[in-house]
Amino acid sequence: ALDPVIDQAFGESSELRYHSPILQRAVEGLFVALAAWRTASVLLWTLTRKAARETADSMLPQATAQLSADGGEAWLARPVILRHTTDLAAQKLMTMPADTPPVRLLADKTAAAFSGLSRALDALALLMADPRRRLPRRRGVRHLDIPDRLPALVNGARTFVTVAIVTLLWIVSAWPGGAQAIVFAMIVSTLMAPRADQAYAAALISFIGIIFDLIITSIITFAVLPATGVETFVGLSMVLAFCLVPLGALLAHAREPWQVGLFTAMTMIFMPLFAPSNQMNYDVTNFYNTSLGIVVGAGVATLAFRLIPPLSPAYRTQRLLDLALGDLRRLLHRRAAPSVHAWDSRGISRLSAMPDSAEPLQRAQMLAVILVGAEIIRLRRVARRFGLDAPLDAGLARLAHGDVAFAIDDLARLDRRLEEWQTLAAVRARARILAISGALAQHPAHFGQLAAA
């Protein structure tokens, strides 16, 4: 839901476009906070009520006292101060002493949630033009993670077929309006494709709007202008205002999606259909050739969405889950793992691409895959320091074959070996094992599909 709003903001402010990485990191930060909260929630769910209360009470008051005192308006009124507070809270939680894996895990994940909120507060400070905000150095071009290439390939194939059909019709019939039909077939096919399962309905609404525009422009061109004898710029402007101002007002007050689509199409297509010129042309044949080209192009594109529909939401959701499991399986077999940031970015792109109709369980499974992969990357680094690569690889190999129960047992044995060390790194590694085991135990059937991923 944030993507179109961010795109609109970029169009209104060149400064926001220049600082676009801040907004992108803010969206990622919200997902990171969500994943961290999910891990903490699963941990507290596995503990007894008394143990969960004692674990939370041992760490939360010292970290969240200032945040609890701030009202909701503080997020917009002083985001920089709140960002500083969240950074301090995250730092306290990361360095606080914790002798048991549950406390360590809860502290680390709460700190990760605060760090994610800190990124969102950075974006709020940018939007509020707060002069005290931090200005990160400009980085290079950010790698774009493509969650799934198949929907784009389907959209590209549909556009190719649409343009090919209109081009063939133009060549065979030697129709003067063929070029116009090709242009609008490509425009409608390209603009509506990102709407996925709503693409056909949106294209149909736009086509209806074009038909209404054709009726209006026909009346103006062959009835209003000749009858009134308008020949000056002021007169033409008044005629255009008589049509465009009501359309703009209707668009501004539109609430339903179909109203927005209808009035947007009528506003955009009005001028190409009307085609005013310095020496006004009242040639009926020329007008209807041009108009028919626009109508035919938009109509063929709309029909193409019906004949070659986008992938269904259920299929796209399952594909994204399968692709995420495939990423995890490759991670389990590969020693040269990507960075945690790269792993999280790819997982977040898949999570944000899930259709609105995806079930909460499916979203939770995607979050669990993201969590397990990130914790495995961190755990491998720590295991190398303690010389426990072989036991960890054995457990991960079982997980790669879908043996979830045996993988949990292997991780439990690794946890007992790490218990010999009483260092912060060892306790943190045990906390990561606890997080992985909790996610595997909560979704055993989903992780059991790793063998077929």
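Caption draft 1: Examining the pattern of salt bridges more closely. Taken as a whole and assessed by the stated rule, the structure comprises 16 salt bridges. Of the charged contacts, one joins Arg384 and Asp389 as a salt bridge, the two residues approaching to 4.0 Å between their closest N and O atoms. A salt bridge links Arg398 to Asp410, with the nearest nitrogen and oxygen atoms 2.9 Å apart. You can see Arg398 sitting in helix H18 (residues 389–400) and its partner Asp410 sitting in helix H19 (residues 404–418), a full 12 residues away along the chain. For Arg398, a relative accessible area of 33% puts it in the partly exposed group.

Caption draft 2: Up close: helix H17 (residues 360–386). Here H17 spans 38 Å end to end across 27 residues, near enough to the 39 Å set by a 1.5 Å rise per residue. For H17, a buried count of 19 out of 27 residues is recorded, marking the element as mostly surrounded by other parts of the structure. Where H17 terminates, the next one or two residues include Gly387, which has phi positive at roughly 70 degrees.

Caption draft 3: Representation of a nonpolar patch on the surface. A grouping of Phe160, Val161, Ile165, Leu303, Leu307 and Ile308 is seen on the molecular surface, where their side chains present a nonpolar patch of about 590 Å² in accessible area. Those elements giving two or more residues to the nonpolar patch turn out to be helix H9 (150–173) and helix H14 (284–307). Looking at the nonpolar patch, the element that brings in the most residues is H9, giving 3 residues. For Leu303, the location among the structural elements is in helix H14.

Caption draft 4: Just empty space enclosed by the protein, in detail. For the coordinates displayed, the defined rule picks out 3 cavities of 30 Å³ or more. Counted as a void, the largest cavity has a volume near 60 Å³. Lining the largest cavity are Ala324, Asp327, Trp343, Arg346, Gly347, Arg350, Met366, Val369 and Ile370. Listing elements by their share of the lining of the largest cavity, those giving two or more residues are helix H15 (313–333), helix H16 (340–352) and H17.

Caption draft 5: Up close: the nonpolar core. Counting residues in each nonpolar core, the largest one holds 74 residues, and the members touching the most others are Leu328, Leu332, Trp343, Met366, Leu399 and Phe447. The element that contributes the greatest number of residues to this core is H17, accounting for 14 residues. When residues no more than four places from it in sequence are discounted, the contact partners of Phe447 are Leu328, Ala368, Val369, Val372, Leu399, Gly402, Val404, Ala439 and Leu440. Core analysis: the second largest hydrophobic core is formed by 17 residues, Met192, Ala193, Leu214 and Ala298 among them.

Caption draft 6: Main features of unusual backbone geometry. Its identity is not glycine, yet Ala174 carries a phi of approximately 55 degrees, on the positive side. Positionally, Ala174 belongs in the loop between H9 and helix H10 (178–192). Here the phi dihedral of Ala196 falls at roughly 55 degrees; this positive angle occurs in a residue that is not glycine. Of note, Ala196 is situated in the loop between H10 and helix H11 (199–228). For Ala196, a relative accessible area of 15% puts it in the buried group.

Caption draft 7: Structural detail: the layout of surface pockets. In this structure, the largest pocket spans a volume of roughly 2,200 Å³. Forming the walls of the largest pocket are 50 residues, and the residues nearest its centre are Ala1, Asp3, Pro4, Ser352 and Ala353. Of all the secondary structure elements, the ones that give two or more residues to the lining of the largest pocket are helix H1 (2–12), helix H3 (20–46), H9, H15, H16 and H17. The residue makeup of the lining of the largest pocket, split by class, is 30 nonpolar, 8 polar and 12 charged.

Caption draft 8: Molecular detail of the environment of Ile433. Mapped onto the elements of the fold, Ile433 is located in helix H20 (residues 424–442). Taking the C-alpha atoms as reference points, Ile433 and Leu105, 328 residues apart in sequence, are found 9.5 Å from one another. Those residues in contact with Ile433 that sit more than four places away from it in its chain are Leu379, Leu411, Leu414, Asp415 and Leu418.

Caption draft 9: Examining the side chain of Ser349 more closely. Among the secondary structure elements, Ser349 is positioned in helix H16. Overall, the relative accessible area of 12% leaves Ser349 in the buried class. Only 2.6 Å separates the side chain of Ser349 from the backbone oxygen of Arg346, close enough to count as a polar contact. Not counting residues within four places of it along the chain, the set of residues in contact with Ser349 comprises Asp145 and Pro147.

Caption draft 10: Representation of the side chain of Thr317 in the model. Tracing the sequence through the fold places Thr317 in helix H15. A relative accessible area of 2% places Thr317 in the buried class. Not counting chain neighbours up to four residues away, the residues in contact with Thr317 comprise Met354, Pro355, Ala358 and Gln362.

Caption draft 11: H19, seen in detail. Across its 15 residues, H19 extends 21 Å between first and last C-alpha, which sits within 8% of the 21 Å expected from 1.5 Å per residue. Among all positions of H19, only Val404, Ala407, Asp410, Leu411, Leu414, Asp415 and Leu418 are buried. Across the axial projection of H19, the buried residues extend over an arc of 150 degrees, all falling on one side. As for H19, its buried residues are in contact with H17, H18, H20 and helix H21 (444–447).

Caption draft 12: Geometry of the packing of helix H7 (residues 79–95) against helix H8 (residues 101–127). Interhelical geometry of H7 versus H8 gives an angle of 160 degrees and a closest axis separation of 8 Å. Taken together, the axes of H7 and H8 are roughly antiparallel relative to one another. As H7 packs across H8, the resulting crossing turns out to be left-handed. Residues Pro79, Val80, Leu82, Arg83, Thr86, Asp87, Ala89, Ala90, Leu93 and Met94 of H7 form the contact with H8, whose participating residues are Arg104, Ala107, Asp108, Thr110, Ala111, Phe114, Ser115, Ser118, Leu121, Asp122, Leu124 and Ala125. Taken together, the residues of the contact of H7 with H8 sort by class into 13 nonpolar, 4 polar and 5 charged.

The rules behind these values
- Residues numbered from 1 in each chain as written.
- Predicted model: local features only at pLDDT ≥ 70, side-chain atom pairs only at ≥ 80, totals over all residues.
- Heavy atoms only, no water.
- Salt bridge = Lys/Arg side-chain N within 4 Å of Asp/Glu carboxyl O.
- Helix = DSSP H or I, 4+ residues; strand = E, 2+ residues; numbered from the N terminus.
- Buried < 20%, exposed > 50% of the residue type's maximum accessible area, 1.4 Å probe, protein only.
- Expected span 1.5 Å × (residues − 1).
- Patch = residues over 30% accessible without salt bridge, like charges linked within 9 Å, V, L, I, M, F, W, Y side chains within 5 Å.
- Areas by Shrake-Rupley, 256 points an atom, 1.4 Å probe, with all protein chains shown as cover.
- 1 Å grid on protein atoms, 1.4 Å probe; cavity = no way out; pocket = protein on both sides within 12 Å on 5 of 7 lines; lining within 4 Å.
- Points joined across faces, edges and corners; volume = space filled by probe spheres on them.
- Core = buried A, V, L, I, M, F, W, Y, C linked by side-chain atoms within 4.5 Å.
- Contact = heavy atoms within 4.5 Å.
- Nonpolar A, V, L, I, M, F, W, Y, C, P; charged D, E, K, R; others polar.
- Polar contact = N/O pair within 3.5 Å; in protein donor to acceptor, adjacent residues only side chain to side chain.
- Arc of directions from axis to C-beta.
- Axes fitted to C-alpha atoms, helices over the stretch in contact; angles between N-to-C directions.
- Parallel < 35°, antiparallel > 145°, perpendicular 65-115°, else oblique.
- Left-handed = near helix turned anticlockwise from the far one by under 90°.

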